[in-house]
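Below, each chain spelled out in residue letters.
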Amino acid sequence: MALTTRESRPQEVLRDETRLPQTPEPGVIVIFGASGDLTSRKLVPALYDLAAARRLPMEFAVVGISRTTMSHEEFRARLRRALEEQRPGRVSEEVWESFSEGIFYLPGDSKKPETYRELKDFLEKLDRERGTGGNRAYYMASSPSLFPAIVEHLGEAGMSREEDGGYARLVVEKPFGRDLESARALNADIQRYFREDQIYRIDHYLGKETVQNILALRFANGIFEPVWNQHYVDHVQITVAEDIGIEGRGAFYEEAGALRDIVQNHLMQVLCLTAMEPPVAFDATPVREEKVKVLKAVRPIRREEVGEVAVRGQYDRGWIFGEEVPGYREEEGVAPDSETETYVALKLFIDNWRWAGVPFYVRAGKRLPKKVTEIAIQFHRTPHTPFSGSDTRQLEPNLLVIRIQPEEGVSLKIGAKVPGTGFEVRSVNMDLLYGTAFMTEVPDAYQRLLLDLMLGDPTLFIRADEAEGAWSILQPVLEAWSEGEVSRYPAGSWGPKEAEELLARDGRRWRRP
């Protein structure tokens, strides 16, 4: 099968399930790092759901690889247990039996050439016995430090070549490097063996229905685009808040921090979808081109001004939902004098015609009062109101909030007359909840992205210049934060006081979602 990018074909702006074939062509997904959590918690459950929805071909297989010694049966049993824990009593015996017949496991060291010789022989055997057609997708779910070695061995073994009509695709999990230099080096390593159109850099946020719905809201409704610019928008706030801590991932988080873990990928992608121009079609090249234009238009942050536009924080002991929780430095695997940030706030400007002068305030943090991801578009106040000041004391500017999680939906704050004989005007919300509007179960992000991978549609995956563009914006912040002390905030609060001051200097304040 030839690679199917569909980049030159005219399409509707909005994505529609009906434009996708029901099932992809036969193929194999090879998962490196298969004994890890990502495989059992996300990848296999998503594939199981696709199987249950009859979106997988009969000639489909999963091959897991890691150093842990296991048989095929033990690997299947492990995955089954994890699936049962996620959805007790809701695993179909019939679906699992059929799906699990295509699950296999090869113990092996991904740094050793013999692992790839064995894998190649095994994949050829699957082609003969299960009819998988020579189609392979290699999913790197292992430690990022192993990515270069895996790519090199796949390339040296000739497994990146597309032969006899089959495809060879590579999925790269985030993080895409630790900084701009390492991201460029990783891209160079991968592109030695795989063409860019074979590479699928995955950020599961892009598979979320409500993230995709940002585009639907903007480009399928005539009422929003005319006011989606600096003439009408006062500022934009993007929040990615979590109430949880680091959940036993101390060693990982000490190396990452909130800037690398959330801001460089999830938050910058949401920023791009919010600020981008309308693509000519909802296909890979037009969408990615528009996102890259946004990243290029973000005003560079000079290192000497980082203190004025960026805030970092770290949570101390505090209270969440009535329960006392430990501070970051008390977490397992965290240094007692750690300066790793668990909170980031930035003020960004996008220097183009549409957004000139409009600040984008973005923040992400752990141990905040609630879990919420949202985009808040605040419009300018009305230039004049004919009502008396006392009648409009509780009237706020119009605000459009796109909630990505947990309660997906859209809310528009408008002014309305309070019932009664007077003429008091007050702000009220018009709410749309997706769950009740469509009465259908929202698919998991990985379900969508894995299906797109097998169909050869890279629209919701990240291109090399997108990843590097995001790092370019944040690199001065990383460098400035390599020294100095992190601000502190109590768990259960909305972050350090410096974050409040960041907006207060502009006469604004953060929303309380």
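Residue positions are counted from 1 within each chain, in the order its sequence is given. Predicted model: local features are reported for residues with pLDDT of at least 70 only, side-chain atom pairs are reported and counted for 80 or more only, and whole-chain, interface and lining totals are derived from all residues. Derived side-chain values reflect all non-hydrogen atoms in the structure, with water molecules and hydrogen atoms excluded from consideration.

Details of the sheet that holds strand E8 (residues 310-316)
For step 1, the next point in the chain: The rule for pairing is simple: two strands pair if DSSP sees at least two bridges between them. Strands are runs of DSSP state E lasting at least 2 residues, helices are runs of H or I lasting at least 4, and numbering of each runs from the N terminus. Spatial strand order, E16-E15-E14-E13-E7-E12-E11-E8-E17: nine strands in an open sheet with mixed pairing. Edge positions in the sheet fall to strand E16 (425-433) and strand E17 (487-490), since each has one partner strand and no second. On average, each strand axis in the sheet is inclined to that of its neighbour by 20°, with strand direction left out of account.
For step 2, the next point in the chain: Sheet topology note: the strand E13 (residues 372-379)/strand E14 (residues 399-405) ladder contains six bridges and is antiparallel. Opposite Ile377, over in E14, you have Leu400 as the bridge partner.
For step 3, the next point in the chain: Two residues form a contact once any of their heavy atoms are found within 4.5 Å. Fitted lines through C-alpha atoms give the axes, limited to the stretch in contact for helices. The angle between two N-to-C directions lies from 0 to 180 degrees. Where helix H8 (residues 250-275) meets the sheet, its contacts fall on strand E7 (233-241), strand E11 (343-349), strand E12 (359-365), E13 and E14, and the angle it forms with E12 comes to roughly 145°.

Let's talk about the pattern of salt bridges
For step 1, the next point in the chain: Take a side-chain nitrogen of Lys or Arg and a carboxyl oxygen of Asp or Glu: if they are within 4 Å of each other, that pair is a salt bridge. For the structure on display, the rule yields 37 salt bridges.
For step 2, the next point in the chain: Ionic pairing is found between Glu396 and Lys413, a salt bridge with its closest N-O pair at 3.0 Å. One end of the pair, Glu396, is in the loop between E13 and E14; the other, Lys413, is in strand E15 (residues 409-417), with 17 residues separating them in the sequence.
For step 3, the next point in the chain: Burial here depends on accessible area, computed with a 1.4 Å probe over protein chains only, as a share of the maximum for the residue type. Under 20% is buried, over 50% is exposed, and the range in between is partly exposed. Taking the relative accessible area as the measure of exposure, Lys413 reaches 15% and is therefore buried.
For step 4, the next point in the chain: What emerges from the salt-bridge pattern is a single network uniting Arg218, Glu225, Glu277 and Arg354.

Quick word on helix H9 (residues 284-297)
For step 1, the next point in the chain: Each helix should span, by expectation, one fewer than its residue count multiplied by 1.5 Å. The terminal C-alpha atoms of H9 lie 20 Å apart, and with 14 residues this matches the ideal 20 Å at 1.5 Å per residue to within 8%.
For step 2, the next point in the chain: Across the 14 residues of H9, 10 count as buried, placing the element largely inside the fold.
For step 3, the next point in the chain: Inspection of H9 places Ala284, Pro286, Val287, Arg288, Glu290, Lys291, Val292, Val294, Leu295 and Ala297 among the buried residues, and these make up the whole buried set.
For step 4, the next point in the chain: Buried positions along H9 lie against H8, E11 and helix H13 (464-480).

So, the confidence of the model for the protein chain
For step 1, the next point in the chain: Across the chain, each position has a pLDDT score giving the predictor's confidence in that residue, from 0 to 100. When pLDDT is averaged along the protein chain, the result is 91, and 96% of the positions lie at 70 or above.
For step 2, the next point in the chain: Low pLDDT, under 50, characterises residues 1-20; the predicted model gives this stretch 51 contacts beyond four residues in sequence or across chains.

So, helix H1 (residues 37-52)
For step 1, the next point in the chain: Over its 16 residues, H1 runs 22 Å from end to end, which matches the ideal 22 Å to within 8%, given 1.5 Å per residue.
For step 2, the next point in the chain: Bend is the name given here to the angle between axes fitted to two runs of seven residues, the run ending at a residue and the run starting at it. Where H1 bends most, the angle comes to about 30°, and this point is Leu43, followed within four residues by the proline Pro45.
For step 3, the next point in the chain: Leu38, Thr39, Ser40, Leu43, Val44, Pro45, Ala46, Leu47, Tyr48, Asp49 and Leu50 are the residues of H1 that are buried.
For step 4, the next point in the chain: Directly after H1, the chain includes Arg54, whose backbone phi takes a positive value near 60°.

Concerning the packing of aromatic side chains
In this description, an aromatic ring pair is defined by two values, namely the gap between the centres and the angle between the planes.
For step 1, the next point in the chain: The rule is short: rings of Phe, Tyr and Trp, with Trp giving its six-membered ring, pair when the centres are within 6.5 Å, and they are stacked under 30 degrees, edge-to-face over 60, tilted in between. Taken as a whole, this structure holds 13 aromatic pairs when the rule is applied.
For step 2, the next point in the chain: Between Tyr315 and Tyr328 the ring centres are 5.9 Å apart and the planes differ by 80°, which places this aromatic pair in the edge-to-face class. Remark: Tyr328 occurs in the loop between strand E10 (323-325) and E11 and Tyr315 occurs in strand E8; sequence separation between them is 13 residues.
For step 3, the next point in the chain: Pairing Tyr315 with Tyr489 gives two aromatic rings, centres 6.5 Å apart and planes at 65°, and the pair type is edge-to-face. Highlighted residues: Tyr315 in strand E8 and Tyr489 in strand E17, separated in sequence by 174 residues. The same class applies to Tyr315 and to Tyr489, which are both buried.
For step 4, the next point in the chain: A network of ring pairs unites the aromatic residues Tyr253, Tyr315, Tyr328, Tyr343 and Tyr489 as a single cluster.
For step 5, the next point in the chain: The cationic tip of Arg367 hangs over the ring face of Tyr315; the distance from NZ or CZ to the ring centre is 6.0 Å.
For step 6, the next point in the chain: Two thresholds decide whether a charge sits over a ring: the Lys NZ or Arg CZ must be within 6 Å of the ring centre and within 35 degrees of the ring normal. Across the ring face of Phe423, the terminal group of Lys417 is positioned such that the distance to the ring centre comes to 5.6 Å.

A look at the packing of H1 against helix H2 (residues 72-86)
For step 1, the next point in the chain: It is at 9 Å that the axes of H1 and H2 come closest, and there the two elements cross at 85°. Classified by the angle their axes make, H1 and H2 are roughly perpendicular. Contact residues: H1 offers Thr39, Ser40, Arg41, Val44, Pro45 and Tyr48, while H2 offers Phe75, Leu79, Ala82, Leu83 and Gln86.
For step 2, the next point in the chain: Under this grouping Gly is polar, as are all residues other than the nonpolar Ala, Val, Leu, Ile, Met, Phe, Trp, Tyr, Cys and Pro and the charged Asp, Glu, Lys and Arg. Residues that form the contact of H1 with H2 fall into these classes: seven nonpolar, three polar and one charged. Any angle that falls under 35 degrees is termed roughly parallel, while one over 145 is termed roughly antiparallel, one within 65 to 115 roughly perpendicular, and all others oblique.

Here's the deal with the pairing of E7
For step 1, the next point in the chain: Taking burial as the measure, the nine residues of E7 include nine buried ones, the bulk of the element.
For step 2, the next point in the chain: The pairing of E7 with E13 spans eight bridges and is antiparallel. Note that in E13 the partner of Thr239 across the bridge is Glu374.
For step 3, the next point in the chain: Strand direction decides the pairing type here: E7 and E12, joined by six bridges, are parallel. By the bridge assignment for E12, Ile238 is matched with Val362.

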